[in-house]
Each structure stands twice: as structure tokens, then as C-alpha cells.
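Spelled out, the chains give:
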Amino acid sequence: MISNYFKLTCLTFIVVVVFAHLVAGKGQIININHALVNDVLHFTYGLEEWLDTSQQPCENFYDFVCARSVNSSQAQLDKRHQQEQLKFDQFLQADDNTDQLMDAELKLKYFYQSCQNARSAEHLKSSLMYRLAGGWPAIDIENAGTVRKRRNMTWLQVLGVFHEAGVPYFFKTKIELISNRRVVQIQPDDSMRFSLRKFEQMAGEVMQSYDVEAGRARLIALEVLSFERASRDVMKLTTDTAREKKDKDKAQEYSYEDFKSSAFGPQLQLDWDTYFRKVMGKPLKSSDLVFVGDVPKLKEYFGLLQNTSITRFLNWLWIDYLMDKTVEDCQQLSQNYFAPLYQHIVERSALNKVQMAQMYNELGQVYEQLLLHTPWIDEITQEFSRLFLGRIMHLTLNGDAKLDDDHDCLSITSRNFYRNLEKAQRFLSQKSKQQSFGDGKKYSTTPTTRSRVAQSSEEFMKIFLITNGLLKPNQNLSTPLNYLLVGEHFSEMMIGGGSLPTPGAWRSMDSEPQFAKFDKCLTRQQQQRNRQLQLQKQPILANQTRNFNLNDLILKTLAQQQTWQAYDHWLRRESFLSAHLDSLLQAGRLKMSMRKLYFVVSTLVDCQRHPQPTRRELIHSYLRNSFEFAQTFKCQRLDPLNAINKCKIL
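Per an unreviewed UniProt entry, the recorded name for the protein chain is Peptidase M13 N-terminal domain-containing protein, and the organism is Glossina morsitans morsitans. Word for word, the UniProt comment on the protein chain under Subcellular location (unreviewed entry) is "Cell membrane".

Next up, the structure:
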């Protein structure tokens, strides 16, 4: 089954590689090898900051590799984020890759470019949200049409424009359809981005950047700061008694008709029909339900807005809106408004696509030769594995077509940042509504084959966020680094048919005898270990039980054997190069080799992917039963991680 799939899927890659070897000159091959040698050496030098060399690998391999990363400091986490930003910067700065980008990736690049360049006052004035809201009085005092428009607007109409565009000032509105009845939730917004001092400073910077005349800017700053103080006082509004607090936290229920007439009193004269028509495209029905959280605070907010002139309110709105949208914030804005795309780009930024596809192909062939006909894996899992492999190869080479589909309706150019920002905000708002505003029916949560494979693939791709943090800024994930960093974890996902919530769900029913045999072998192995400790007069843990699932150990062991066979084949095929690398690595401080690197690096990624302390025993059990580990690190007979009688699964 999988053999036919490989013939169809990987023929293109094989042809490309063969053709490349035919046309490449001998000097070019030598250069490529030198680049590979430098990549491996630079990567290995960077390992020194991760490893604890006071530990002996054959005694405590987990702490040797993982102790520093499990107890990673904030500085290491910051470094990983910096690496992600560098990868994203490289994507933005590459001018020759436009033809290779997906449409969605190109839209993100246009958004960033417009944020850097197309952001003048005239650009702002030409945006739809600016025109609908009545403009920004601080920079628009001469346009009679705009002045007349904002004189006829209420604060609720202005908020409706911002809310419809996905910018929920003062209160958030969520609309759902439950049992053919629309239900609205209104909740006051208590989010605060800056301190008052920072707000005052940034308000001045915003007006200066838009050339507001100095005298007018001082007056506007005083008005805006006064409004900001008042709104913060409302935000911090608390109740004194437990009863009041309980009433405050409990959402009050109204019919829409009662909500309009009694929720906030008749004195405010709020046009909720116009508001909901703007926000959701049509007004609510009288019988629809409205749940209002913290009515006292909302009344305070609305009273403040009612007593504020529309000019002062618009000045505050636009200044607050533009504060964190400076050129320095372009990358953060790109990440915020295009989060799935940003992650997709960072995940794929360091991939050598052709060599990654070759690795997947080779691991798939080993899967077929080594595991396909064993009793461990059932036919359903084999089918999922085949689909998972095809999905990963497509993601690696072509990118995620689903992201293109999701962003197909979003039109982004490099010409007007404010229009692009407005479109992105509205896009996210509409997407949020589509997720919650269904037809009120409950659907089965059981994932389909296609969705399960897609979820598994997305989960696997996240591993590249870890590997990017271990690579140097200009390094690509090419062979053999792809085997070291990714190979075993890919094999683990592939053997299990993708991620499964239940340990061992990938196993065939025919594997029960082998499972029981392996379990008994581990028990005997522990008994032998206890006798060994007794002879050495070391403490023995009484009633010791495993703190990991045995299925996870079997899966990890199978994945190691699958990946090690493919990796060992590469080392033998490139015997001269691997011997040269071994001699260079042995001369370094870590005294490494290409085979040692396999266990060190795959374990380092494992403990960053699974930072739970219980992972230590699972990794040690897997290494204790690995002939390759004992041979590679020359473990002695009495070393804790070298079992006298190893337990086999194949």
C-alpha cells in the first residue's frame, strides 16, 4: 500500500536529486560538503550551552542532555523568541522568493511592507473606518463634510463603527444563535495596555507624528488625558459588599425589548437598533435575549461617554487606536493579525525543502521494510500513517493550502496600511462570528479522517518552532541535521498514525502477546537491576512502579529503530564525509561523533517538547534497551543505562 504511494509521491524528488548530481561539477560537490561540515560544527558548538557535562551519559543521560533546558531560564526562552523573529525577518527581507510564496504569505508580506511605508495622514483619511466614524478632529478641521457628519453622530454610532471593524472599545458584544433564538452577551472591557504616564507620553508622540500643530496638540492632550483618567476610574470600579459583588459578577438577562427600555434607563436614549444593524448586519428581534455583565460598570461607562463631546471622544479614540501601530510595532502587528500565517512561516523558514522530503521518503521506506509486516501496527493505523506522510510532504514543499483558503477573501495590498489593518481586523472579527454564530445545532465532535490527519500534521509542524531555537540564525534544516532534530519525532508520529489521545490506540490486536512478553522482560530487568544495586550496597526503591505508559515506551523504541536505520544508512553512504566529521567532532570539547549526536539532539528536542519530569524514566528505559546507545557511548556492563539483558520488540 505504502510502496505504491512512495512510487507516486516521491518520483519527482528522486529525479530532481539524480539530475542535480549529474549536472553538478566535482568542485561544487566539495563546496556543498564544506558547507555541510560547517553547519554541523557550528551546530555542535552551540550544544555546549545546553548540555551538563558534569553528568556521565551512561549513568544519567537525561540530566546530561535535559537538565539545563528543563530548568530553562527566561533568558533562554527570550532567545528562542529572538530566533523566531530572526527567521521571520529573513522571510520579510528575501526579495527573490515572491514567486514561491503562497497567496496568504504574500498578503502578510504586503501588510508588513505597507506598515513600514504606506502610513501617512492622507492614507489614514482614505480608510473606510475613518470616513464612517467621522474622522479625527485633530488632523481634520477644514473638511466641512466631515465636520458636519460627526456633529450628527452619537457616541454609540461611533463605537458601532469601531466594533463592526473588530475593535471593541468599552464593551464587547458576542452574538450567538441558540435554538433558533439570537442571544447577545454584552460585557464591559477592562483591558488596559499602558500605564497612565506611558499613555500621556505616547499621546504626544502620536500627535507629533501626524503633524498636529503644537498649540492645538497641548490642548487636545489635556482633554484626552482627562478622559483617560475618568475611563480608568470606571475600569477600576469595585463594589463594597459581597452581595453587591455577587450581583456585579452575575449577568442580567433581558428580552431585547426590555433591554432597550430599562437596562440603562431612558435618560441615555441609546439607539441600539442602529448599533446592532451596524455590528451584525440587521437589528435584533424583540424576543431575542440579551445578557449584560456588570451593569453598574456599564452605566458608569455610558454616563461618561454621554457627557463627553464627540470631538473629544474621537480625538481620544484615534490617539488610543494609533498608539501601538508605529513602524517599530510592524512585526508584532503582523504576528497579532496573521497569527496562523506567522507561525507557518516561522515553522518552515529553516527547512531545506528537498532534503526534508528526501528524509520523509527514506523514513517511509524503512517503515515499510521494518514495521509494516510486524504485529504491532494495525491496518487502520497504516492508512493514517500513509495519509500523514503525504500531508507532511505537501506541507513541507508547498505550504498549507488551507491557509490560502482561509485568507482567500482577505484583500491586502502594499499601498495603504490603515486600510489593510482595517481589513485584517474585520476579517478576524468575521471569522470569530462564524465560529460562534452557527445554526444552533449540535454536531458530532468525532473528527473525520481528513481532519484528524490535518490536526496531526499541524501538531507535528510545531516541532520546528523548537528546532529553530536550536539552529543558528542562518542555518537551514538540511541533512544530517534534519535526522538529528526531527527524524525520530517524525517516525514516532508516523508509526502512531499521527497524534492519538489514547496511548497504544495505534497497536494491532495481534500485538498483545508481544506486549505481554515485553512487559515481563522489563520486570525481570528491574529485578536484575535491584540485585545489582544490592551487590553494590546502593539503596533500592521498594515497590517501584513505572510512572509512564508502556505503550509510549514501545512507540519511542520503534521510532528510534526506524530512524536509526535510515540515519545509519546515510552515514554509511557518506562514509568519507561522516568519518571526516567524526574526527573533527572528537577534537572538540564535547568529544562528540555523528552517532552520539543522534541520541543527544533527539533527546534534547524530546525534553523540550515534553518537559514533564516523568519523561526522564521513559527516556532512560528506552536507552537501557537500545543496543545502539550502549555501543555508541561505550557503556560498561555495570552502568545504570546498560541492561545486561535487553528487551527486544522486533
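On we go from here.
Can you explain the overall build of the protein chain? Please cite residues and give values.
Helices and strands together make up the secondary structure of the protein chain, namely 32 helices and four strands. Counting only residues that meet the buried cut, the protein chain has 50% of its 650 residues in that class. Long-range pairs, those at least 24 residues apart, make up 80% of the contacts in the protein chain between residues at least 6 apart in sequence. As presented, the protein chain carries roughly 32500 Å² of accessible surface, and 50% of it is formed by carbon and sulfur atoms.

Account for the packing of helix 30 (residues 594-609) against helix 31 (residues 615-624), naming residues and giving values.
The interhelical angle for the contact between helix 30 and helix 31, taken along N-to-C directions, is 155°, at an axis separation of 12 Å. Considering the angle they form, helix 30 stands roughly antiparallel to helix 31. Where helix 30 crosses over helix 31, the two elements pack in a sense that is right-handed. Touching Phe599, Thr603 and Asp606 of helix 30 are Arg615, Ile619, Tyr622 and Leu623, all from helix 31. In terms of residue class, the contact of helix 30 with helix 31 is made up of four nonpolar, one polar and two charged.

How would you summarise the sheet that holds strand 1 (residues 171-178) if you had to cite specific residues and measurements?
In space, the four strands of this open sheet follow the order 1-2-4-3, with mixed pairing throughout. Sheet topology places strand 1 and strand 3 (252-255) at the edges, where each strand pairs with a single neighbour. Along the sheet, successive strands turn relative to each other by an average axial angle of 20°, direction set aside. The pairing of strand 1 with strand 2 (residues 181-188) spans eight bridges and is classified as antiparallel.

With reference to specific residues and values, describe the environment of Gly498.
Along the polypeptide, Gly498 turns up in the loop between helix 26 (481-495) and helix 27 (512-535). A relative accessible area of 6% means that Gly498 is categorised as buried. In the structure, Gly498 is positioned 113 residues away from Ser385 in sequence and 6.7 Å away in space, judged by C-alpha atoms. With residues near it in sequence (within four places) discarded, Gly498 still touches Ser456 and Met493.

Describe the state of the cysteines, listing the residues and the values that go with them.
Cysteine pairs can be covalently joined through their sulfur atoms, and such a bond is termed a disulfide. A full pass over the atoms with the stated rule returns four disulfides. Each sulfur in the disulfide pair Cys115 and Cys330 lies 2.1 Å from the other. Between Cys115 and Cys330 the disulfide shows an S-S torsion of about -90°. By sign, it is left-handed. Of the two residues, Cys115 sits in helix 6 (residues 103-117) while Cys330 sits in helix 18 (residues 330-337), which places them 215 residues apart along the sequence. A relative accessible area of 0% places Cys115 in the buried class. Since its relative accessible area comes to 1%, Cys330 is described here as buried. The disulfide bridge from Cys521 ends at Cys647, spanning 2.1 Å between sulfur atoms. Between Cys521 and Cys647, the disulfide has an S-S torsion of -95° and is therefore left-handed. You can see Cys521 sitting in helix 27 and its partner Cys647 sitting in the segment after helix 32 (627-632), a full 126 residues away along the chain. By relative accessible area, Cys647 is classed as buried at 4%. With its disulfide-bonded cysteines labelled consecutively along the sequence, the protein chain is connected as 1-7, 2-6, 3-4, 5-8.

Any details on helix 25 (residues 463-470)? Residues and values, ideally.
With eight of eight residues buried, helix 25 lies mostly within the body of the structure. By the burial criterion, the buried members of helix 25 are Ile463, Phe464, Leu465, Ile466, Thr467, Asn468, Gly469 and Leu470.

Lay out the packing of aromatic side chains with the relevant residues and their values.
Scanning the model with the defined rule gives 53 aromatic pairs in all. For the pair Phe88 and Tyr112, a centre-to-centre distance of 6.5 Å together with 90° between the ring planes defines the contact as edge-to-face. Highlighted residues: Phe88 in helix 5 (residues 74-93) and Tyr112 in helix 6, separated in sequence by 24 residues. There is no split in this pair, since Phe88 and Tyr112 are both buried. Ring centres of Phe388 and Phe460 lie 6.1 Å apart, and the angle between their planes is 80°; this geometry places the pair in the edge-to-face category. Of this pair, Phe388 sits in helix 21 (residues 379-398) while Phe460 sits in helix 24 (residues 449-461); the two residues are 72 residues apart in sequence, bridging distant segments of the chain. Connected via pairs of aromatic rings, a cluster forms that spans Tyr130, Phe162, Tyr169, Phe170, Phe227, Tyr301, Phe313, Trp316, Trp318 and Tyr321. A cation sits over an aromatic face here: Lys325 above Tyr321, 4.3 Å from the ring centre. Taking NZ or CZ as reference, Lys646 lies 5.8 Å from the ring centre of Phe627, over its face.

With reference to specific residues and values, describe the side chain of Asn315.
Mapped onto the elements of the fold, Asn315 is located in helix 17 (residues 310-322). Classification of Asn315 as buried rests on a relative accessible area of 2%. Filtering out sequence-adjacent residues up to four positions away, Asn315 remains in contact with Trp136, Pro137, Ala138, Ile220 and Val224.

Explain the side chain of Gln608 residue by residue, including any values.
For Gln608, the location among the structural elements is in helix 30. When near neighbours in sequence (up to four residues on either side) are disregarded, Gln608 contacts Trp50, Ser69, Arg80, Ile466 and Leu470.

Account for unusual backbone geometry, with residues named and values stated.
In the segment running from Thr479 into Pro480, the intervening peptide bond is cis, with an omega of 10°. Following the sequence through the fold, Pro480 ends up in the loop between helix 25 and helix 26. The backbone of Phe170 shows a phi angle near 70°, a positive value even though the residue is not glycine. Note on placement: Phe170 falls in the loop between helix 10 (155-164) and strand 1. Residue Lys591 is not a glycine yet carries a positive backbone phi of 55°.

Outline the nonpolar core, listing residues and values.
Side chains of nonpolar character tend, in soluble globular proteins, to be buried together. Within the largest apolar cluster, 96 residues are counted, with the highest numbers of intra-cluster contacts made by Trp136, Phe259, Phe264, Trp272, Phe276, Phe302 and Phe313. Looking at this core, the element that brings in the most residues is helix 17, giving nine residues.

Reading the values: the criteria
- Residues numbered from 1 in each chain as written.
- Predicted model: local features only at pLDDT ≥ 70, side-chain atom pairs only at ≥ 80, totals over all residues.
- Heavy atoms only, no water.
- UniProt positions renumbered as here; feature names shortened; annotations may be inferred.
- Helix = DSSP H or I, 4+ residues; strand = E, 2+ residues; numbered from the N terminus.
- Buried < 20%, exposed > 50% of the residue type's maximum accessible area, 1.4 Å probe, protein only.
- Contact = heavy atoms within 4.5 Å.
- Areas by Shrake-Rupley, 256 points an atom, 1.4 Å probe, with all protein chains shown as cover.
- Axes fitted to C-alpha atoms, helices over the stretch in contact; angles between N-to-C directions.
- Parallel < 35°, antiparallel > 145°, perpendicular 65-115°, else oblique.
- Left-handed = near helix turned anticlockwise from the far one by under 90°.
- Nonpolar A, V, L, I, M, F, W, Y, C, P; charged D, E, K, R; others polar.
- Pairing = 2+ DSSP bridges.
- Disulfide = S-S within 2.5 Å.
- Phe/Tyr/Trp six-rings, centres within 6.5 Å; stacked < 30°, edge-to-face > 60°.
- Lys NZ or Arg CZ within 6 Å of the ring centre and 35° of its normal.
- Core = buried A, V, L, I, M, F, W, Y, C linked by side-chain atoms within 4.5 Å.

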